Amino acid sequence: MTSAQRERYRRNIDVVGMGEAGQQKLLASSVLVIGAGGLGSPVITYLAAAGVGRLVIVDGDVVETMNLQRQVIHSGALLGVNKASSAAARVSDLNPDVSVEVVQQMATPDSLAELLPTVDLALDCCDTYGAKFMISDACAAAGTPLVWASAVGMQGQVSVFGVPSDEGRALWLRDLFPQEPPPGSYPMATQIGVLGAMVSQVGSVMATEAIKLLAGFGAPLVARMLALDAAAGRWDLLPLRPRMA
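Computed from a predicted structure; not experimentally measured. (Residues numbered from 1 in each chain as written. Predicted model: local features only at pLDDT ≥ 70, side-chain atom pairs only at ≥ 80, totals over all residues. Heavy atoms only, no water.)

1. So, the packing of aromatic side chains
And step 1. A full pass over the atoms with the stated rule returns 3 aromatic pairs.
And step 2. Measuring from centroid to centroid gives 6.2 Å for Y129 and F133, while their planes differ by 45°, and the two rings are tilted. Note that Y129 and F133 are positioned in helix α7 (residues 129-142) at a spacing of 4 residues, about one turn of the helix. Residue Y129 shares its accessibility class with F133, and that shared class is buried.
And step 3. Between the aromatic rings of Y129 and F177, the centroid separation amounts to 5.6 Å while the plane-to-plane angle is 80°, which identifies the pairing as edge-to-face. Taken as a pair, Y129 in helix α7 and F177 in the loop between α8 (173-176) and α9 (189-192) lie far apart in primary sequence, 48 residues in all.
And step 4. Ring pairing ties together the aromatic residues Y129, F133 and F177, which thus form one cluster. (Phe/Tyr/Trp six-rings, centres within 6.5 Å; stacked < 30°, edge-to-face > 60°. Helix = DSSP H or I, 4+ residues; strand = E, 2+ residues; numbered from the N terminus. Buried < 20%, exposed > 50% of the residue type's maximum accessible area, 1.4 Å probe, protein only.)

2. What about the sheet that holds strand β6 (residues 155-161)?
And step 1. A sheet is described by the order of its strands in space; here 8 strands give the open sequence β3-β2-β1-β4-β5-β6-β7-β8, paired in mixed fashion. The open sheet has two edge strands, β3 (99-103) and β8 (234-239), and neither has a second partner. Ignoring strand direction, the axes of neighbouring strands in this sheet form an average angle of 15°.
And step 2. One ladder, built from 7 bridges, connects strand β5 (residues 146-152) with β6; its direction is antiparallel. Across the sheet, the residue bridging to W148 is S159, located in β6.
And step 3. Packing against the sheet, helix α10 (residues 196-215) makes contact with β1 (30-34), β4 (121-124), β5, β6, β7 (224-229) and β8, and its axis sits at approximately 175° to β5. (Pairing = 2+ DSSP bridges. Axes fitted to C-alpha atoms, helices over the stretch in contact; angles between N-to-C directions. Contact = heavy atoms within 4.5 Å.)

3. Quick look at the pairing of β4
And step 1. Every second residue of β4 is oriented toward a common face, with L121 and L123 on one face and A122 and D124 on the other, all of them buried.
And step 2. Two elements, β1 and β4, share 4 bridges in a ladder whose sense is parallel. In the sheet register, L32 faces β4, and the bridge partner there is A122.
And step 3. Bridge count between β4 and β5: 3 bridges; the pairing is parallel. Across the sheet, L123 pairs through a bridge with V147, a residue of β5.

This is the structure:
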């Protein structure tokens, strides 16, 4: 590490368990972030600030006025700009140590099969179960660990998939939900809204889990799900079990 990097990441390095060795692991890591919206905004910002060496940002959507209430990585001056490109511009301003690659399209099974072998970790920052099942299945096929989350209204959930538990079994989304819920059977932000500050809490937990995994310290949310009820001011930690065959 250079003297400038030691100064920039001093507070990271001082964290018990991280140290300079953990920071060097971050600088050498590659991460795929799928979605640059409400969850992606804090995820991308904090991973870039922490010094993750390479970020690949995937999003085919463009910045709209309605996004600015929660997608705080974007500027109102960039309305109509692709979200992945807008987020990449913010990363470049924030930390020149970080290399950013942009994919200006929605993730597909084919694109994920190409991208996942090039990264150490993926983060699911999408907002539909169809996308989430596709991402989890692709990560399982590639053997790439996944930080997963969902957030809508005043509720959010976070877990880590694809990392062996103490029993040696790696869980995936289909261990929670064997099949994708039918459309209309679960609430969407377009129907019940989503509080921006709540999404930021969930995205910040995702970034924390990613940093722990990449730097190799702490106990990640493996075989556990952290559930937030922001309306009640309550976090719950729920154990997860493999799906029975």
